[in-house]
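# Examining the three-dimensional arrangement
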Amino acid sequence: MSDVYELHLCGLVRSLPKVRVAPDLSIASFVMLGDTELIEACAEALAERFPRQGLDLLVCPEAKGIPLTHAVARRLGLNYVVARKSVKSYMENPQVEEVRSITTAGVQTVVLDGVDARKLCGKKVAVVDDVVSTGGSLLSLEKLLERVGCRVVLRAAVLLEEGGFDGDLVYLDRLPLFRD
Ligand SMILES: Nc1ncnc2[nH]cnc12
């Protein structure tokens, strides 16, 4: 098995290292953080698929999807909220939900600062991320958003990982999994 996967996306090519996440399973690790050319190209393609009306804010989970969300938000003329992975000392009345993910062992959390929770209350939002695999983190974030009185009207990601999430999702391409 080759140790990289060649991803062709928005007219660009990237070599993704294959990373083992279970004894017989590897993923092609997609990290667009810092890759301005890829972030801008994907944001342009994704933003075209967003509704021009009826969206108040974007929301993304920390951390890999933050620059992408920023670039999409700029194109739509919107602001965005980042859901954090842990409670910070400066947060006011933080709202917390548990997450399980295939790339991180154990239980993680998704956290909204109470200040952001107030901003989100009564709003229509799109949730944006770089890769969606099982959708576990996405659904935990949505549970949290629902709890703070916010409605998710769109989910968007650059890549959907094979055999994963089967709900509604706007995405640009699929990403294979590798079994041996
Ligand atoms: N293939 C992948 N690359 C980076 N992050 C991921 N999270 C889930 N699948 C992933």
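Let us look at the structure shown here. (Residues numbered from 1 in each chain as written. Predicted model: local features only at pLDDT ≥ 70, side-chain atom pairs only at ≥ 80, totals over all residues. Heavy atoms only, no water.)

### So, the overall build of the chain
- On a plain count of helices and strands, the chain comes out with four helices and eleven strands.
- C-alpha extents for the chain along the principal axes are approximately 50 × 35 × 30 Å.
- Expressed as a percentage of its 180 residues, the buried residues of the chain come to 46%.
- Across the chain, contacts joining residues at least 24 apart in sequence account for 59% of those joining residues at least 6 apart.
- Put simply, the chain shows about 9,200 Å² of open surface, and 48% of that area lies on carbon and sulfur atoms.
- Between the centroid of the 22 positive side chains of the chain and the centroid of its 25 negative side chains there is a distance of 5 Å. (Helix = DSSP H or I, 4+ residues; strand = E, 2+ residues; numbered from the N terminus. Buried < 20%, exposed > 50% of the residue type's maximum accessible area, 1.4 Å probe, protein only. Contact = heavy atoms within 4.5 Å. Areas by Shrake-Rupley, 256 points an atom, 1.4 Å probe, with all protein chains shown as cover. Lys, Arg positive; Asp, Glu negative; His and termini not counted. Charge placed at Lys NZ, Arg CZ, Asp CG, Glu CD.)

### What about the pairing of strand S5 (residues 79-83)?
- Pairing analysis gives five bridges linking strand S4 (residues 57-61) to S5, with the strands arranged parallel. Each bridged residue has a counterpart across the sheet, and for valine 59 the counterpart in S5 is valine 81.
- With respect to chirality, the unit in which S4 leads through helix H2 (residues 66-76) into the neighbouring parallel S5 is right-handed. (Pairing = 2+ DSSP bridges. Right-handed = clockwise from strand over helix to strand, strands pointing away.)

### Some remarks on helix H1 (residues 36-47)
- Taking 1.5 Å as the rise per residue, H1 with twelve residues should run 16 Å; its terminal C-alpha atoms sit 16 Å apart, in good agreement.
- All buried positions along H1 are accounted for by Leu38, Ile39, Cys42, Ala43, Ala45, Leu46 and Ala47.
- For H1, the secondary structure elements touched by its buried residues are strand S1 (4-9), strand S2 (12-22), H2, strand S9 (151-161) and strand S10 (170-175). (Expected span 1.5 Å × (residues − 1).)

### Overview of the pattern of salt bridges
- All told, the structure shown has twelve salt bridges when counted by the stated rule.
- With its nearest N and O atoms 2.7 Å apart, the salt bridge here joins arginine 75 to glutamate 40. Of the two residues, arginine 75 sits in helix H2 while glutamate 40 sits in helix H1, which places them 35 residues apart along the sequence.
- Residue arginine 75 is classed as partly exposed on the basis of its relative accessible area of 28%. (Salt bridge = Lys/Arg side-chain N within 4 Å of Asp/Glu carboxyl O.)

### Observations regarding the packing of aromatic side chains
- Under the counting rule described, the total for this entry stands at one aromatic pair.
- A ring pair is formed by tyrosine 5 and phenylalanine 178, whose centres lie 5.8 Å apart and whose planes are at 55 degrees; its orientation type is tilted. Taken together, the positions of tyrosine 5 in strand S1 and phenylalanine 178 in strand S11 (residues 177-179) put the pair 173 residues apart, joining distant regions of the chain.
- Phenylalanine 178 gets classed as buried once you look at its relative accessible area, which sits at 13%.
- The ring of phenylalanine 178 has lysine 18 sitting right over it, with the charged end atom 4.2 Å from the ring centre. (Phe/Tyr/Trp six-rings, centres within 6.5 Å; stacked < 30°, edge-to-face > 60°. Lys NZ or Arg CZ within 6 Å of the ring centre and 35° of its normal.)

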